[in-house]
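Each chain, written out:
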Amino acid sequence: MYPFVYQPLSQRVVFGSGTIGQVGDELSRMNLGRALVLTTAQQEQSGRELVEALGARAVGLFAGAVMHTPVDVTEAALHQVEALGADCVVSLGGGSTVGLGKAIALRTDLPQIVIPTSYAGSEATPILGQTENGIKTTQRSLKVLPEVIIYDVDLTVSLPPKMTVTSGLNAIAHAVEGLYTQDRNPIISIIAREGIAALARALPAIIKREDDLEARADALYGAWACGTVLGAVGMALHHKVCHVLGGSFDLPHAETHAVILPHAVAYNERAVAEELAPVADIFASPTAAAGLWEFSKTTGAPLTLAELGMAEADLDRAVEIMLANPYWNPQPLVGEQLRGMLDDAFFGRAPGTSLQGQPS
Ligand code: NAD
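Residues numbered from 1 in each chain as written. Predicted model: local features only at pLDDT ≥ 70, side-chain atom pairs only at ≥ 80, totals over all residues. Heavy atoms only, no water.

**Details of the overall build of the protein chain**
Inference 1: When its secondary structure is counted, the protein chain shows twelve helices and eight strands.
Inference 2: Relative to the globule expectation of 21 Å for 360 residues, the C-alpha radius of gyration of the protein chain, 20 Å, shows essentially globular dimensions.
Inference 3: Principal axes of the C-alpha set define a box for the protein chain whose edges measure 65 × 45 × 40 Å.
Inference 4: When the 360 residues of the protein chain are sorted by exposure, 56% land in the buried category.
Inference 5: Taking all contacts inside the protein chain whose residues are at least 6 apart in sequence as the whole, residues at least 24 apart take part in 74%.
Inference 6: A total of about 14,700 Å² of accessible surface is found on the protein chain, and carbon and sulfur atoms cover 53% of it. (Helix = DSSP H or I, 4+ residues; strand = E, 2+ residues; numbered from the N terminus. Rg over C-alpha atoms; globule rule 2.2 N^0.38 Å. Buried < 20%, exposed > 50% of the residue type's maximum accessible area, 1.4 Å probe, protein only. Contact = heavy atoms within 4.5 Å. Areas by Shrake-Rupley, 256 points an atom, 1.4 Å probe, with all protein chains shown as cover.)

**Let's talk about the sheet that holds strand E2 (residues 35–40)**
Inference 1: Taking strand neighbours across the sheet as the criterion, the six strands line up as E1-E8-E5-E4-E2-E3 in an open arrangement whose pairing is parallel. Lying at the two open borders of the sheet, with one neighbouring strand each, are strand E1 (12–16) and strand E3 (58–65). On average, each strand axis in the sheet is inclined to that of its neighbour by 15°, with strand direction left out of account.
Inference 2: Taken together, the five bridges between strand E4 (residues 88–93) and strand E5 (residues 112–116) define a ladder with parallel strand orientation. Along E5, the bridge assignment pairs Gly93 with Pro116.
Inference 3: Sitting on the sheet, helix H4 (residues 95–108) touches E2, E3, E4 and E5, and the angle it makes with E4 is about 165°.
Inference 4: Where helix H7 (residues 213–232) meets the sheet, its contacts fall on E1 and strand E8 (148–152), and the angle it forms with E1 comes to roughly 165°. (Pairing = 2+ DSSP bridges. Axes fitted to C-alpha atoms, helices over the stretch in contact; angles between N-to-C directions.)

**Observations concerning the pattern of salt bridges**
Should their charged atoms come close, side chains of opposite charge can pair.
Inference 1: Inspection of the entire model under this criterion finds twelve salt bridges.
Inference 2: Close ionic contact of Glu320 with Arg317 constitutes a salt bridge, the shortest N to O distance being 3.3 Å. Highlighted residues: Glu320 and Arg317, both in helix H11 (residues 315–324), separated by three residues, approximately one helical turn.
Inference 3: Assessed through its relative accessible area of 46%, Arg317 is described here as partly exposed.
Inference 4: For Arg349, the salt bridge identified is with Asp343, shortest N-O distance 3.1 Å.
Inference 5: Here the salt bridges do not stand alone but share partners, grouping Asp316, Arg339, Asp343, Asp344 and Arg349 into one network. (Salt bridge = Lys/Arg side-chain N within 4 Å of Asp/Glu carboxyl O.)

**Quick look at the domain arrangement of the protein chain**
Interface size, as often reported, equals the accessible area lost upon joining of the parts.
Inference 1: Annotation of the protein chain at the domain level lists domain 1 (12–156) and domain 2 (161–355).
Inference 2: Inter-centroid distance (C-alpha atoms) of domain 1 to domain 2 is 26 Å.
Inference 3: Listed as interface residues are 21 residues of domain 1 and, on the opposing side, 26 residues of domain 2.
Inference 4: Interface of domain 1 and domain 2: buried area, both sides summed, is about 1,900 Å²; carbon and sulfur atoms make up 65% of it. (Domains from an automatic or database assignment. Buried area = accessible area lost by both parts, 1.4 Å probe.)

**Considering the site of the ligand**
Inference 1: Taken together, 22 residues lie near the ligand, and Thr40, Gln43, Ser96, Ser118 and Thr125 sit nearest.
Inference 2: Gln42 places a side-chain nitrogen or oxygen 3.2 Å from an oxygen atom of the ligand.
Inference 3: Between the ligand and Thr125, the relevant distance is 2.6 Å, taken from an oxygen atom to a side-chain nitrogen or oxygen of the residue.
Inference 4: Its free accessible area being 860 Å², the ligand has 87% of it covered by the protein chains.
Inference 5: Ranked by residue count, the leading element in the shell around the ligand is H4, at three residues.
Inference 6: Residues from two domains meet in the shell around the ligand; each of domain 1 (12–156) and domain 2 (161–355) gives at least three. (Near = heavy atom within 4 Å. Polar contact = N/O pair within 3.5 Å; in protein donor to acceptor, adjacent residues only side chain to side chain.)

**Focus: helix H6 (residues 186–208)**
Inference 1: For H6, with 23 residues, the first-to-last C-alpha span of 34 Å sits near the 33 Å given by 1.5 Å per residue.
Inference 2: Among all positions of H6, only Ile188, Ser189, Ala192, Gly195, Ile196, Ala197, Ala198, Leu199, Ala200, Ala202, Leu203 and Ile206 are buried.
Inference 3: Taken together, the buried residues of H6 touch helix H5 (161–180), H7, helix H9 (253–282) and helix H10 (288–299).
Inference 4: Its side-chain oxygen 3.1 Å from the backbone nitrogen of Ile187, Asn185 forms the N-cap of H6. (Expected span 1.5 Å × (residues − 1).)

**Thoughts on the packing of aromatic side chains**
Any aromatic ring pair is given by two values, namely how distant the centres are and how the planes are angled relative to each other.
Inference 1: Inspection of every chain in the model, using the stated rule, returns five aromatic pairs.
Inference 2: Through pairs of rings, three or more aromatic residues link up here, namely Phe15, Tyr151, Tyr221 and Trp224.
Inference 3: The ring of Tyr267 carries Arg270 above its face, with NZ or CZ at 4.6 Å from the centroid. (Phe/Tyr/Trp six-rings, centres within 6.5 Å; stacked < 30°, edge-to-face > 60°. Lys NZ or Arg CZ within 6 Å of the ring centre and 35° of its normal.)

**A look at a nonpolar patch on the surface**
Inference 1: On the surface, Val13, Phe15 and Trp224 cluster together into a nonpolar patch covering about 220 Å² of accessible area.
Inference 2: Within the secondary structure layout, Val13 lies in strand E1.
Inference 3: Given the relative accessible area of 31%, Val13 is considered partly exposed. (Patch = residues over 30% accessible without salt bridge, like charges linked within 9 Å, V, L, I, M, F, W, Y side chains within 5 Å.)

Here it is, written out as structure tokens:
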């Protein structure tokens, strides 16, 4: 028996093709009629089209979302919320845009409709990471959980293949850690396996044909499943490492998840091989770490921290930061072994190389 406590989150999820056309209906259902649409600068055009389609139900567009939710950007958006008298936000984009919507909701309690266009999974979580003075802090609050998610597979076709792969691996990472976390539960573990399997099927097909709508739908479904896992249970070493590398060394989010995942899994598989067996099975590999590593290679994911711009001289400092605030992990956190793991990831060696001969 594995005893557990589980409190499901409440969200309305609309999934399909062309569903962006349903934003107006969702606003009406919630008695909302003054939406501020949020995007990044890169997706401004899509935001403009949505504002136009919503007509009188939209009051404007804020196209300034950027990665890691800097507080000064949130303040600029809040200014616009107030000036325009917005009664909700509609976030159209990846994790950065969803993050901005959450930061606004935290401060105003405004409802959020989110239309995710990447596989980051933030839409399904009550988690918000924000950056101020170069420091990224993360909090959990139901205030930031979006009320409605509209998944429109058509909007994901424009996600470039490289980002499709890294974003997909970012999603897989949520589900992998959800399988062995201390507060796991059987339902969430089923969702985790389902999410990993969907992305494992879909990503290779999307690489072959970017506009394969069936594969795109499978990937988006997998991303929802993996995001649901992230929203439901705690994470461990992999997410901590990525948080440190992104927050303190400015490495790109999805790419960092892609590089670190096989290495963090090799570190932890010594303690939780049984929990990770479904991952090994999905990738038809003797171990989860080896399966993820092969998958990364065949899908053309980045394989080294070096290529993401990490400096080798910063690896010691990264380990120091990782160990500064203790957190739960199934395998004891040993500085020398963590340093070895980062070294493997830096040079792109097979996961677990530096752990050979180390006490488990
Ligand atoms: P992102 O949102 O920064 O997107 C990267 C770029 O791709 C942006 O320019 C974006 O506009 C563009 N893009 C997104 N979808 C596109 C599409 N379909 N077509 C064309 N361009 C598209 O990156 P991300 O990886 O989605 O999100 C990363 C951020 O999300 C980080 O800040 C991370 O901390 C956060 N995040 C938070 C959670 C959470 O639960 N709080 C979970 C995952 C990620």
